[in-house]
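Structural overview for review
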Amino acid sequence: MTTFQAPKGTYDLLPPDSATYLAVREAIAAPLRNSGYGYIETPGFEDVELFARGVGESTDIVTKEMYAFETKGGDRLALRPEGTASVLRAALEANLHKAGNLPVKLWYSGSYYRYERPQKGRYRHFSQVGAEAIGAEDPALDAELIILADQAYRSLGLRNFRILLNSLGDKECRPVYRAALQDFLRGLDLDEDTLRRAEINPLRVLDDKREAVQRQLADAPLLRDHLCDACKAYHEEVRELITAAGVAFEDDPKLVRGLDYYTRTTFEFVHGGLGSQSAVGGGGRYDGLSEMIGGPALPSVGWALGVDRTVLALQAERVTLDIPAATSVYAVPLGEEARRVLFGVVTELRRAGVAADFSFGGKGLKGAMKNANRSGARFALVAGERDLAEGTAQLKDMESGEQVPVALDAVVSTLRARLA
Ligand code: ATP
Ligand code: MG
């Protein structure tokens, strides 16, 4: 028989480690929920053109990393490589921006797909939690998102991360800078691919990870020196608001992001313990994206944080999350009659909101207690024929080892009280 393995560049989340992933998603979502962001879920695939136009024809994501396919019905679709284009598409389609309540603030959590060269922290299937604030141009909104991401990472116990901040200008000042950068790049000793990129999307060259390229870029003109007054004032306000919130950041005048749609504020969260896959999250303002995908002008800002890399960052900092045991009570029946009675008690406990599990499969006392231990339950509830005859079960405190008989009809109230 053939056995199967997870596809290249993917991995399975299994207990107990999967609990950490859930906790990370929850920790990132909590500050958003607490700040007026509503949950949105969109399909795992979209019209391929949405990404081609929304993410950018010349980006690595669209040219190299997208899982695009044609359906039997002849539709050209792609597995979503990122969240922003889909969320904006959905908001426009549902006219959320016309409900008179801008910005529309949304958060999401899900799987994303990129055909990349798999390595630690870089997978073909990965998981993000993201946030988008659609339809407002307000530096406080950019600041809010950066502050909330910082809060999320801190709530997880992460310390060894940095926030890199830049402004990419707008449609007034960026074209002027773009031309100046292009002039500069044309004079460098670059390979053919990079020269082509310099013609199509020169800002992306700044993002080149290769040492030899970076050395040549030392004297590249910086967008910082070309920002128009409006962009300069906007950026200054974002910086002041973040600073006032006590969130430390670093100005990184060469920070550009892999997606074409960013304008003005761009930022990245990088972690020191992840080697070359150092970005744990990133985002920025995308004032032109709505128009690029056929919508009205809707200045917006958002970020996406990678769950996989956040978990790796926790490991790098040796932070273990305090994840409470899933099970509070583990029932161990000895014999047929006890099996029926304790199964009834477990059902009652669950209905009363007490997390309870049961020793299935007719195990003996020793094996069943081993499982009770493994479950992490605070209490074991053991009953045999003699207990039943007395209308009781033995309640064992797994921490102290202390064991007391409890009347069967008082088990639920007793456990609720002792677990409270
Ligand atoms: P990189 O520069 O490392 O390729 P990116 O700029 O492509 O990252 P974004 O598109 O900004 O990444 O996605 C936001 C976050 O999603 C990243 O910071 C990272 O944590 C995560 N992420 C992106 N691609 C992958 C991947 N292939 N595997 C795991 N996580 C990823
Ligand atoms: Mg990438």
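If you're wondering where the values come from, they're calculated on a predicted model, not measured in any experiment.

1. Details of the sheet that holds strand E4 (residues 76–79)
Strand-to-strand pairing in sheets goes through backbone hydrogen bonds, with the strands running parallel or antiparallel. Strands sit in the order E2-E4-E3 across an open sheet of 3 strands; the sheet is antiparallel. Among the strands making up the open sheet, the edge pair consists of strand E2 (45–47) and strand E3 (68–70). Neighbouring strand axes in the sheet, compared pairwise and without regard to direction, differ in orientation by 35° on average. In this sheet, E4 lies alongside E2 in antiparallel orientation, the contact comprising 3 bridges. Pairing of glutamate 46 across the sheet is with alanine 78, part of E4.

2. Overview of the site of ligand 1
By nearness alone, 15 residues border ligand 1, and Arg114, Glu116, Arg122, Tyr123 and Arg257 come closest of all. Residue glutamate 116 places a side-chain N or O atom 2.6 Å away from a nitrogen atom belonging to ligand 1. At a separation of 2.9 Å, an oxygen atom of ligand 1 approaches a polar side-chain atom of glutamine 128. When isolated, ligand 1 has an accessible area of 580 Å², and the protein chains bury 91% of it. At the level of secondary structure, the elements contributing two or more residues to the shell around ligand 1 comprise strand E6 (125–134), strand E10 (279–285) and strand E11 (300–306). Ranked by residues supplied to the shell around ligand 1, first place goes to E10 with 3 residues.

3. Some thoughts on empty space enclosed by the protein
Vacant regions in the atomic arrangement are exposed by a probe of water-molecule size rolled over the atoms. The final tally for this structure, using the stated rule, is 1 cavity of 30 Å³ or more. Counted as a void, the largest cavity has a volume near 50 Å³. Every residue lining the largest cavity is listed: Ile40, Glu41, Thr42, Arg80, Val87, Tyr108, Ser109, Gly110 and Tyr112. For the lining of the largest cavity, the element with the highest residue contribution is strand E5 (residues 104–113), accounting for 4 residues. Across the lining of the largest cavity, the residue classes tally to 4 nonpolar, 3 polar and 2 charged.

4. Considerations on the nonpolar core
Residues Ile134, Leu185 and Leu217 are the most contacted members of the largest nonpolar core, which totals 50 residues. With 6 residues, helix H4 (residues 84–93) is the largest single contributor of residues to this core. Once residues within four sequence positions are removed from consideration, leucine 185 is found in contact with Leu190, Leu195, Ala198, Pro202, Val205 and Leu217. Counting residues in each nonpolar core, the second largest holds 43 residues, with Leu156, Ile242, Val247 and Phe267 among its members.

5. With respect to the domain arrangement of the protein chain
When cut into domains, the protein chain gives domain 1 (17–173 + 227–316) and domain 2 (329–419). Domain 1 and domain 2 are separated by 48 Å when their C-alpha centres are compared.

6. So, the side chain of glutamate 65
Position of glutamate 65 relative to the elements: it lies in helix H3 (residues 60–65). Put simply, glutamate 65 is tucked away with no salt bridge, and the nearest opposite charge, on arginine 114, sits 4.4 Å away. Beyond its immediate chain neighbours, meaning those up to four positions away, glutamate 65 contacts Asp60, Tyr113, Arg114, Tyr115 and Glu116.

7. Focus: the sheet that holds strand E14 (residues 379–383)
Spatially, E13-E12-E14-E15-E16 is the arrangement adopted by the 5 strands of the open sheet, whose pairing is mixed. Lying at the two open borders of the sheet, with one neighbouring strand each, are strand E13 (356–358) and strand E16 (403–407). Strand-to-strand, the axes of this sheet are offset by a mean angle of 25°, without reference to chain direction. With 5 bridges connecting them, strand E15 (residues 392–397) and E16 associate as antiparallel partners. Residue pairing for E16: leucine 395 is matched across the bridge by valine 404. Lying on the sheet, helix H13 (residues 336–351) is in contact with strand E12 (329–333), E13 and E14; it crosses E13 at an angle near 160°. Helix H14 (residues 365–375) contacts E12, E14 and E15 of the sheet and is inclined by roughly 175° relative to E12.

8. Some words on the pattern of salt bridges
Throughout the structure, instances matching the rule amount to 32 salt bridges. The salt bridge partner of arginine 239 is aspartate 251, with a shortest N-O separation of 2.7 Å. Highlighted residues: arginine 239 in helix H10 (residues 229–244) and aspartate 251 in strand E8 (residues 250–251), separated in sequence by 12 residues. Judged by relative accessible area, which is 37%, aspartate 251 ranks as partly exposed. Taking the shortest distance from any N to any O, the salt bridge between aspartate 397 and arginine 418 comes out at 3.7 Å. Note that aspartate 397 is positioned in strand E15 and arginine 418 in helix H16 (residues 411–419), a separation of 21 residues in sequence. Taken together, the shared-partner salt bridges in this structure form one network comprising Arg378, Asp397, Glu399, Glu402 and Arg418.

9. Things to note about the pairing of strand E7 (residues 161–167)
Here E7 lies mainly inside the structure; 6 of its 7 residues are buried. Bridge analysis of E7 against strand E9 (residues 263–271) gives 7 bridges, and the strand direction is antiparallel. Bridge pairing in E9 links arginine 162 to valine 270. Bridge analysis of E7 against E8 gives 2 bridges, and the strand direction is parallel. Residue pairing in the sheet places leucine 164 in a bridge with glutamate 250 of E8.

Parameters at a glance
- Each chain carries its own residue numbering, running from 1 in the direction its sequence is written.
- All chains are assigned letters beginning at A, and all ligands numbers beginning at 1, according to the order in which they are written.
- Only residues with pLDDT of at least 70 are given local features in this predicted model, and only at 80 or more are side-chain atom pairs given and counted; all residues enter the totals for whole chains, interfaces and linings.
- Hydrogen atoms and water are omitted, and side-chain values are computed over all heavy atoms in the structure.
- A pair of strands is labelled paired if DSSP reports no fewer than 2 bridges between them.
- Helix and strand labels come from DSSP, where a helix needs a run of H or I of at least four residues and a strand needs a run of E of at least two; each type is numbered from the N terminus.
- Only the stretch in contact is used when a helix axis is fitted, and all axes are lines through C-alpha atoms; the angle between N-to-C directions ranges over 0 to 180 degrees.
- Here a residue counts as near a molecule or strand whenever at least one of its heavy atoms sits within 4 Å of it.
- Under the rule applied, a polar contact is a pair of N or O atoms within 3.5 Å (in protein, one hydrogen donor and one hydrogen acceptor; residues adjacent in sequence only if both atoms are side-chain atoms).
- Computed with the Shrake-Rupley method and a 1.4 Å probe, the accessible areas treat only the protein chains shown as cover for residues.
- Residues are called lining when one of their atoms sits within 4 Å of a cavity or pocket point, these points coming from a 1 Å grid over the protein atoms alone, where a cavity is a set in which a 1.4 Å probe fits but cannot get out and a pocket is an open set with protein on both sides within 12 Å along at least five of seven lines.
- Grid points are joined across faces, edges and corners, and a volume is the space filled by probe spheres set on the points.
- Any residue that is not Ala, Val, Leu, Ile, Met, Phe, Trp, Tyr, Cys, Pro, Asp, Glu, Lys or Arg is counted as polar, Gly included; the first ten are nonpolar and the last four charged.
- Put simply, buried Ala, Val, Leu, Ile, Met, Phe, Trp, Tyr and Cys residues joined by side-chain atoms within 4.5 Å make one nonpolar core.
- For every residue, the accessible area obtained with a 1.4 Å probe (protein chains only) is divided by the maximum for its type, and the residue is called buried under 20%, exposed over 50%, and partly exposed between those limits.
- Contact definition: two residues touch when any of their heavy atoms are within 4.5 Å.
- An automatic or database domain assignment supplies the start and end points of every domain.
- Here the positive residues are Lys and Arg and the negative ones are Asp and Glu; neither His nor the chain ends is included.
- Salt bridges are identified by distance alone: a Lys or Arg side-chain nitrogen within 4 Å of an Asp or Glu carboxyl oxygen.

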